[in-house]
Amino acid sequence: MEGRVGIRVGVIGTGFMGRTWTEVATNHVDETQVVAVAGGRRAPALAQDYGAALEPSPASLLARDDVDLVVVATQPDSHRDYVVQVAEAGKHALVEKPMCQNVGEADAMVAAHEKAGTVLAVCSQHRFRASPVAALELVRSGAIGDVRMIRAQGVVTLDEPSEPDNEPYADMGFHILDVLRSFVDASATLAFGQQASFRVPPPRGSTMALYRFANDVLATVWVTYELPAPGLGSMVQYLITGSRGMIRLDSYGAVEVGDAAGWRVAFEQTPFDP
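A look at the overall build of the protein
Of regular secondary structure, the protein possesses 7 helices and 14 strands. Relative to the compact-globule value of 19 Å for 274 residues, the protein shows a C-alpha radius of gyration of 20 Å, a close match. Based on the C-alpha atoms only, the size of the protein along its principal axes is roughly 60 × 45 × 35 Å. Out of the 274 residues in the protein, the part that is buried amounts to 46%. Excluding contacts between residues fewer than 6 apart, the proportion of contacts in the protein whose partners are at least 24 apart in sequence is 64%. About 14000 Å² of surface is accessible on the protein, with carbon and sulfur atoms providing 53% of the total.

Pasting the structure below:
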């Protein structure tokens, strides 16, 4: 990284997503470089693997003059405090989803960065993928009329029990809800569901939830990391039902439109390895 100029990144939280963002910033974006990491038992290995400084604490990382942007990849109950501290240090923040635990914490995070004049962003990459963007354009163009119902699923097939860093609904569920809400274009007024665990060691490995939105759209969301083989194909899929037709969205593949004439492929996502 010698001589490399750009956005200098510090990473707080060194689990799966901390390592993921370190990899992205180091090897997949020309304008960024990771200069320091802190937090968690995996911090020493992460710092060594990517040639970054190992800071003894998040506070010492925030005190560095050579950090412009801080990635907060810790557990959700710590996001509010760290993101506010990042703002107070005069640095930009990218925080992992879920952003925080409640609206009050979110308001405090936003207010801190507005006061500091820094940028706060939440990791919501699914809304920018080409296939969800294509589906949203179809919805907004009126291709299926008024949206009435949506069925969404985020399912992972496991050959062996695993131990994800986050509870699945707080992990994949938030991505699904982020994209779903863009289709609905309204806030939820009612939400309820049930959770259970069948194979995944942490609690609540599977969730089925129902939402009603302010514009009376209904949505069901199924998230599980406990699906047996052969699975159901892509990890994230939606069926968007409108007054005149439907859209089948594979978040990693095709977007299909269905109406009285049958189904047709409206868009095909370029294959990639997630």
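And the narrative resumes.
Quick notes on the packing of aromatic side chains
Under the defined criterion, the tally for this structure stands at 2 aromatic pairs. Note that Arg-129 overlies the ring of Tyr-252, its terminal NZ or CZ placed 4.4 Å from the centroid. Sitting above the plane of the Trp-263 ring, Arg-248 keeps its charged end 3.7 Å from the centroid.

Structural notes on the sheet that holds strand 12 (residues 246-250)
If you walk across this open sheet you meet the 8 strands as 8-9-10-7-11-12-13-14, and the pairing is mixed. Since the sheet does not close on itself, it has two edges, and those belong to strand 8 (188-196) and strand 14 (262-268), each with one partner. Neighbour to neighbour, the strand axes of the sheet diverge by 15° on average, direction disregarded. Summarising the sheet, strand 8 and strand 9 (residues 206-213) pair through 8 bridges and their orientation is antiparallel. Residue pairing in the sheet places Phe-192 in a bridge with Leu-210 of strand 9. Its contacts with the sheet place helix 7 (residues 168-184) against strand 7 (147-157), strand 8, strand 9, strand 10 (218-227), strand 11 (236-242) and strand 12, and it is angled at close to 155° to strand 10.

Quick word on the packing of helix 6 (residues 130-141) against helix 7
Two numbers describe how helix 6 lies on helix 7: the axes approach to 9 Å, and their chain directions differ by 20°. As summarised for this structure, helix 6 and helix 7 are arranged roughly parallel, according to the angle between their axes. Between helix 6 and helix 7 lies a crossing whose hand is right-handed. On helix 7, the residues touching Pro-132, Ala-135, Leu-136 and Val-139 of helix 6 are Val-179, Ser-182 and Phe-183. Residue classes in the contact of helix 6 with helix 7 are distributed as 6 nonpolar, 1 polar and no charged.

Comments concerning the pairing of strand 12
Side-chain alternation along strand 12 places Ile-247 and Leu-249 on a buried face and Met-246, Arg-248 and Asp-250 on a face that remains uncovered. With 5 bridges joining them, strand 11 and strand 12 adopt antiparallel strand pairing. What sits directly across from Tyr-238, in strand 12, is Leu-249. Two successive antiparallel strands, strand 11 and strand 12, enclose a turn made up of 3 residues. What sits between the antiparallel neighbours strand 12 and strand 13 (residues 254-259) is a turn of 3 residues.

Quick look at the sheet that holds strand 4 (residues 69-72)
Across a sheet, paired strands are connected by hydrogen bonds in the backbone, their directions being either parallel or antiparallel. Judged by pairing direction, the sheet is parallel, and its 6 strands sit side by side in the order 3-2-1-4-5-6 without closing on themselves. One side of each edge strand has no neighbouring strand; the edge strands of this open sheet are strand 3 (53-54) and strand 6 (120-122). Direction of pairing for strand 1 (residues 7-12) relative to strand 4: parallel, over a ladder of 4 bridges. Note that in strand 4 the partner of Val-11 across the bridge is Val-71. Helix-sheet contacts for helix 1 (residues 16-27) involve strand 1, strand 2 (32-38), strand 4 and strand 5 (92-95), and the interaxial angle to strand 2 is about 150°.

Rules used in this analysis
- Per chain, residues are indexed from 1 in the order of the written sequence.
- For a predicted model such as this one, the threshold for reporting local features is a pLDDT of at least 70, and the threshold for listing and counting side-chain atom pairs is 80 or more; totals across whole chains, interfaces and linings nevertheless cover every residue.
- Note that water and hydrogens are dropped before the side-chain values are worked out from all heavy atoms of the structure.
- Helix and strand assignments come from DSSP, with helices taken as H or I runs of at least 4 residues and strands as E runs of at least 2, each series counted from the N terminus.
- We compute the radius of gyration over the C-alpha atoms and compare it with the globule rule, which gives 2.2 Å times the number of residues raised to the power 0.38.
- Relative accessibility decides the category of a residue: with a 1.4 Å probe and only protein chains considered, values under 20% of the type maximum give buried, values over 50% give exposed, and everything between is partly exposed.
- In this description, contact between two residues means that some pair of their heavy atoms is separated by no more than 4.5 Å.
- To measure how exposed things are, a 1.4 Å probe is used in the Shrake-Rupley method; for residues, cover is taken only from the protein chains shown.
- Each pair of aromatic rings taken from Phe, Tyr and Trp, with Trp reduced to its six-membered ring, is defined by centres within 6.5 Å and is described as stacked if the planes are under 30 degrees apart, edge-to-face if over 60, and tilted in the remaining cases.
- Criterion for a charge above a ring: Arg CZ or Lys NZ at most 6 Å from the ring centre, at most 35 degrees from the ring normal.
- Strands pair, by our definition, only if DSSP identifies at least two bridges between them.
- Fitted lines through C-alpha atoms give the axes, limited to the stretch in contact for helices. The angle between two N-to-C directions lies from 0 to 180 degrees.
- Angle categories: roughly parallel below 35 degrees, roughly antiparallel above 145, roughly perpendicular from 65 to 115, and oblique for all the rest.
- A clockwise turn of the near helix away from the far one marks a right-handed crossing, whereas an anticlockwise turn of less than a right angle marks a left-handed crossing.
- Residues are grouped as follows: nonpolar covers Ala, Val, Leu, Ile, Met, Phe, Trp, Tyr, Cys and Pro; charged covers Asp, Glu, Lys and Arg; every other residue, Gly included, is treated as polar.

Geometric values such as these leave the question of function open.
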